[in-house]
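Observations on the three-dimensional arrangement
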Amino acid sequence: MTSAGTPPGKVFAKLDIESGSSWTATLNHELLEMLADPWINWCAMGSDSRIYALDAVEDDRLGYKIDGVLVSDFITPAWFERTDADRLDFKQHLSKQLDLARGGYISVLDPSTGWTQLNARGEGGPRVAPGSRRQRRKLIRPAWRNSLR
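Residues numbered from 1 in each chain as written. Predicted model: local features only at pLDDT ≥ 70, side-chain atom pairs only at ≥ 80, totals over all residues. Heavy atoms only, no water.

Bringing the pairing of strand S5 (residues 105-110) into the picture now. Of the strand pairs in this sheet, strand S2 (residues 51-52) and S5 are connected by two bridges, and their pairing is antiparallel. Across the sheet, residue Ile51 finds its bridge partner in S5, namely Leu109. With six bridges connecting them, S5 and strand S6 (residues 114-119) associate as antiparallel partners. Each bridged residue has a counterpart across the sheet, and for Val108 the counterpart in S6 is Thr116. (Pairing = 2+ DSSP bridges. Helix = DSSP H or I, 4+ residues; strand = E, 2+ residues; numbered from the N terminus.)

This structure, assessed with the given rule, holds two aromatic pairs. When the centroid spacing of 5.2 Å and the interplanar angle of 40 degrees are considered together, the rings of Tyr64 and Phe90 count as tilted. Taken together, the residues span a long stretch of sequence, with Tyr64 in strand S3 (residues 64-66) and Phe90 in the loop between strand S4 (69-71) and S5 at a distance of 26 residues. By relative accessible area, Tyr64 is classed as buried at 16%. (Phe/Tyr/Trp six-rings, centres within 6.5 Å; stacked < 30°, edge-to-face > 60°. Buried < 20%, exposed > 50% of the residue type's maximum accessible area, 1.4 Å probe, protein only.)

To continue, consider the sheet that holds strand S1 (residues 44-45). In spatial order, the strands read S1-S2-S5-S6; together these four strands make up an open sheet with antiparallel pairing. At either margin of the open sheet sits one strand with a lone partner, and together these are S1 and S6.

Inspection of the secondary structure assignment puts Gln97 in the loop between S4 and S5. A residue is classified by how much of its surface remains accessible, and Gln97, at 29% relative accessible area, is partly exposed. In this structure, the C-alpha to C-alpha distance between Gln97 and Ile75, residues 22 residues apart in sequence, is 10.0 Å. Residue contacts for Gln97: discarding those within four places in its chain leaves Ala78, Trp79, Phe80, Glu81, Arg82 and Leu88. (Contact = heavy atoms within 4.5 Å.)

Between its terminal C-alpha atoms helix H2 (residues 23-36) stretches 20 Å, which fits the 20 Å expected from 14 residues at 1.5 Å a residue. Buried within H2 are the following residues: Thr24, Ala25, Thr26, Asn28, His29, Glu30 and Glu33. (Expected span 1.5 Å × (residues − 1).)

Rendered as structure tokens:
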């Protein structure tokens, strides 16, 4: 938390550049995620009694360009629950609720085993950068600490 009591946002642009990923897509994704879920607590209960968090379509290959700048695809509320929406994600990579696109990942809470990250193949998700929203998502609110900025 910042000194003003708001959640901080971080984008590890150097890690993106070093790994060949697009820092603009990461920045866009994190900004959209912070707008939709500033307290990192927006989840959905699956029919399998597990709780699902965001990031189903976060991959550069799933993004699109606006004025030549790569931005991230994003899920819509229809990904979590039945709506009258015409799509589950903006670029329509997904065909069913709680589905993951190739390169996407999701944080899943299983009541018996705790939090884990899955990708479209069912294995672990991307590398978790220290201090990132992905890492902080694993912390329970009492473990949050104030930011130095």
